[in-house]
Amino acid sequence: MKPASASFVTGLRCLVCNASYENGNLHTCPACGIQGVLDVQYDYDLVASVLTPASLITRAFNHWRYRELLPISPEALLSHLHIGWTPVYDVPRLAAAVGIHKLSLKDDGRNPTSSFKDRASSVGVLKAQEFGFTTIACASTGNAASSLAGLSAAVGLKSVIFVPQRAPEPKVTQLLIFGATVVRVMGTYENAFDLCREACGKFGWYDRNSGTNPFLVEGKKTAGLEIAEQFGVTIPDWVVVSVGDGCTIGGIGKGLQEMRRLGFIDRVPRLLGVQAEGARPLLDAFVSGNDLAPSATDTIADSIAVGTPRNWRRAIHQIRTSRGEMIAVSDDEILEAMRLTARLGGVFGEPAGVAGVAGLKKAIAQGMVKSGESAVVVITGNGLKDVQSAKLAAGQALEVEPDFHVLERRLSELSIIKIPQT
Ligand SMILES: *Cc1c(COP(=O)(O)O)cnc(C)c1O
């Protein structure tokens with residue numbers, strides 16, 4: 001029997017050589033090798049006949065509401081966890097602080113394992129099951145790993161996860177609790193990635209690495225689909241996304257294009273891709289127009305500390321198609337954005353999670369984004385993921401003896417209270 005998902009998916013197309021392949025268990029283009037990232041193709045006329053605004057009214061508010069635009073079979077047993085349809089908040093005080101007319105935050109830290117990656121992992125585990133695998137593996141700076149561990153646990157798959165040496169302890173703990181086999185590779189993310197690929201090939205595990213797996217980016221796309229549906233006619237001028245491998249921004253861009261094609265929005269917002277100054281190979285390729293040159297990585301934003309982005313072509317293609325821009329921010333700017341986003345927006349993001357806010361502020365200061373425009377920043381991960389970095393931004397607690405007069409004096413020294421003069 002033909003897989004039922006083939007009813008909407010027409011095939012896979014290589015982003016390098018344009019060759020088309022049948023829908024199946026492929027990772028990269030057989031002709032182009034690892035550079036040949038594949039893109040899932042759909043019969044959009046068929047999708048449009050089913051996925052209408054009227055049909056969406058009756059559907060559950062999670063990312064499966066767009067299932068005709070996802071490469072999953074209708075028989076797939078969806079995980080019971082709530083993924084996607086994350087809230088969008090209007091944050092006028094944060095808007096004033098970054099200098100823009102209208103600003104919204106889309107809080108993807110609200111997903112089951114507290115990051116954007118759940119959108120991709122939820123599709124990854126279903127593809128593993130569809131293709132008959134019992135074990136799924138990935139290499140990750142942290143969030144893809146904890147997400148894969150959580151989603152595998154939810155659907156009953158085994159998971160093996162390769163983490164780089166510098167993965168923060170809370171993230172490692174999060175995947176251990178879900179029962180994953182954790183391999184800490186004494187090296188960089190690139191070392192972990194290569195080891196994982198080799199192990200998948202040799203041991204017959206399903207490879208969840210989103211840089212090369214064409215189906216995962218479709219899960220990431222759902223944030224773009226949601227932004228289009230949640231904003232509709234008030235779609236902002238800019239969608240701001242932090243960039244590591246480039247799958248998130250590439251996916252969101254594709255989702256927005258699809259929603260325009262289906263008539264949910266009448267224009268696609270411009271994408272602003274934000275990298276850390278200490279890990280900006282994708283930005284350099286975007287500016288130079290050359291192929292990607294791998295770089296060293298040095299930033300507190302570990303989730304976007306990627307020296308060899310795998311999906312740079314897709315990312316740059318989507319950013320250019322949207323007439324978008326890229327910018328890099330320093331660790332200090334990221335820490336400042338962490339405070340501002342929490343204190344003026346009420347949302348606590350990890351460094352990579354708030355890098356978009358830092359990038360937007362800088363882009364406005366440089367005139368790249370105009371202060372009269374509107375933007376939504378996708379907060380891609382929750383701040384409790386990386387308490388070590390948050391502590392750098394947060395400051396210290398006030399220590400006092402259990403004595404009211406000491407408390408009063410200390411608070412008054414800090415101008416938190418005023419003691420009336422007698
Ligand atoms: C993975 C990740 C990103 C970047 O996504 P890419 O697909 O690697 O570009 C941004 N923020 C957080 C919190 C992430 O976990």
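What counts, and at which threshold
Residues numbered from 1 in each chain as written. Predicted model: local features only at pLDDT ≥ 70, side-chain atom pairs only at ≥ 80, totals over all residues. Heavy atoms only, no water. Axes fitted to C-alpha atoms, helices over the stretch in contact; angles between N-to-C directions. Helix = DSSP H or I, 4+ residues; strand = E, 2+ residues; numbered from the N terminus. Parallel < 35°, antiparallel > 145°, perpendicular 65-115°, else oblique. Left-handed = near helix turned anticlockwise from the far one by under 90°. Contact = heavy atoms within 4.5 Å. Nonpolar A, V, L, I, M, F, W, Y, C, P; charged D, E, K, R; others polar. Buried < 20%, exposed > 50% of the residue type's maximum accessible area, 1.4 Å probe, protein only. Pairing = 2+ DSSP bridges. Core = buried A, V, L, I, M, F, W, Y, C linked by side-chain atoms within 4.5 Å. Expected span 1.5 Å × (residues − 1). Near = heavy atom within 4 Å. Polar contact = N/O pair within 3.5 Å; in protein donor to acceptor, adjacent residues only side chain to side chain. Areas by Shrake-Rupley, 256 points an atom, 1.4 Å probe, with all protein chains shown as cover.

A. Expanded view of the packing of helix 8 (residues 216–231) against helix 9 (residues 247–261). Contact pair helix 8 / helix 9: the axes reach a minimum separation of 6 Å and the direction vectors enclose 50°. With respect to each other, helix 8 and helix 9 are oriented oblique. The crossing of helix 8 and helix 9 is right-handed. Listed contacts from helix 9 to Val-217, Glu-218, Lys-220, Lys-221, Ala-223, Gly-224, Leu-225, Ile-227, Ala-228 and Glu-229 of helix 8 are Cys-247, Thr-248, Gly-251, Ile-252, Lys-254, Gly-255, Leu-256, Glu-258 and Met-259. When the residues that make up the contact of helix 8 with helix 9 are grouped by side-chain class, the tally is 9 nonpolar, 4 polar and 6 charged.

B. Here's a closer look at the pairing of strand 5 (residues 102–107). With 5 of 6 residues buried, strand 5 is to be regarded as a mostly interior element. Pairing of strand 4 (residues 88–90) with strand 5 involves 3 bridges; the strand directions are antiparallel. Its bridge partner lying in strand 5, Asp-90 is registered against Ser-104. Pairing between strand 5 and strand 13 (residues 374–379): 6 bridges, direction parallel. Within the sheet, the bridge partner assigned to Lys-106 lies in strand 13 and is Val-378.

C. Expanded view of the side chain of Asp-386. When you line up the elements, Asp-386 lands in the loop between strand 13 and helix 14 (387–394). For Asp-386, a relative accessible area of 3% puts it in the buried group. Aside from chain neighbours lying at most four places away, what touches Asp-386 is Pro-168, Ile-300, Asp-302 and Pro-351.

D. A look at the environment of Ala-192. Along the chain, the position of Ala-192 falls in helix 7 (residues 189–203). Of the residues examined, Ala-192 reaches a relative accessible area of 0% and is grouped as buried. Considered as a pair, Ala-192 and Cys-138 are 54 residues apart in the sequence and their alpha carbons are 8.9 Å apart. When near neighbours in sequence (up to four residues on either side) are disregarded, Ala-192 contacts Ala-139, Phe-162, Val-163, Pro-164 and Val-185.

E. Focus on unusual backbone geometry. The phi dihedral of Ser-114 is positive, around 70°, even though this residue is not glycine. Positionally, Ser-114 belongs in the loop between strand 5 and helix 4 (118–130). Residue classification places Ser-114 among the partly exposed residues on the basis of a relative accessible area of 22%. For Arg-323, which is not glycine, the phi dihedral falls at a positive 60°. Structurally, the position occupied by Arg-323 is in the loop between helix 11 (312–321) and strand 12 (325–329).

F. Broad picture of the nonpolar core. Judged by nonpolar contacts, the single largest core of 70 residues is most densely connected at Ile-161, Ile-227, Val-239, Ile-252, Leu-256 and Leu-282. Ignoring anything within four residues of it in the chain, the contact list for Leu-256 reads Gly-224, Ile-227, Ala-228, Ile-235, Val-239, Ile-265, Val-268, Pro-269 and Leu-271.

G. Looking closely at helix 12 (residues 331–345). Taking 1.5 Å of rise per residue, 15 residues should cover 21 Å, and helix 12 covers 20 Å from first to last C-alpha, within 8% of that figure. Those residues of helix 12 that sit buried are Ile-334, Leu-335, Ala-337, Met-338, Leu-340, Thr-341 and Gly-345. Downstream of helix 12 by a residue or two, Gly-346 has a phi angle that is positive, lying close to 75°.

H. Looking closely at the site of the ligand. Among the 16 residues in the neighbourhood of the ligand, the closest are listed as Lys-117, Gly-244, Asp-245, Thr-248 and Thr-380. Between Gly-244 and the ligand, the recorded distance is 2.8 Å, taken from a backbone N or O atom to an oxygen atom. Coverage of the ligand by the protein amounts to 97% of the 380 Å² it exposes when considered alone. Partitioned by chemical class, the residues of the shell around the ligand number 4 nonpolar, 8 polar and 4 charged.

By themselves, these figures tell us nothing about what the structure is for.
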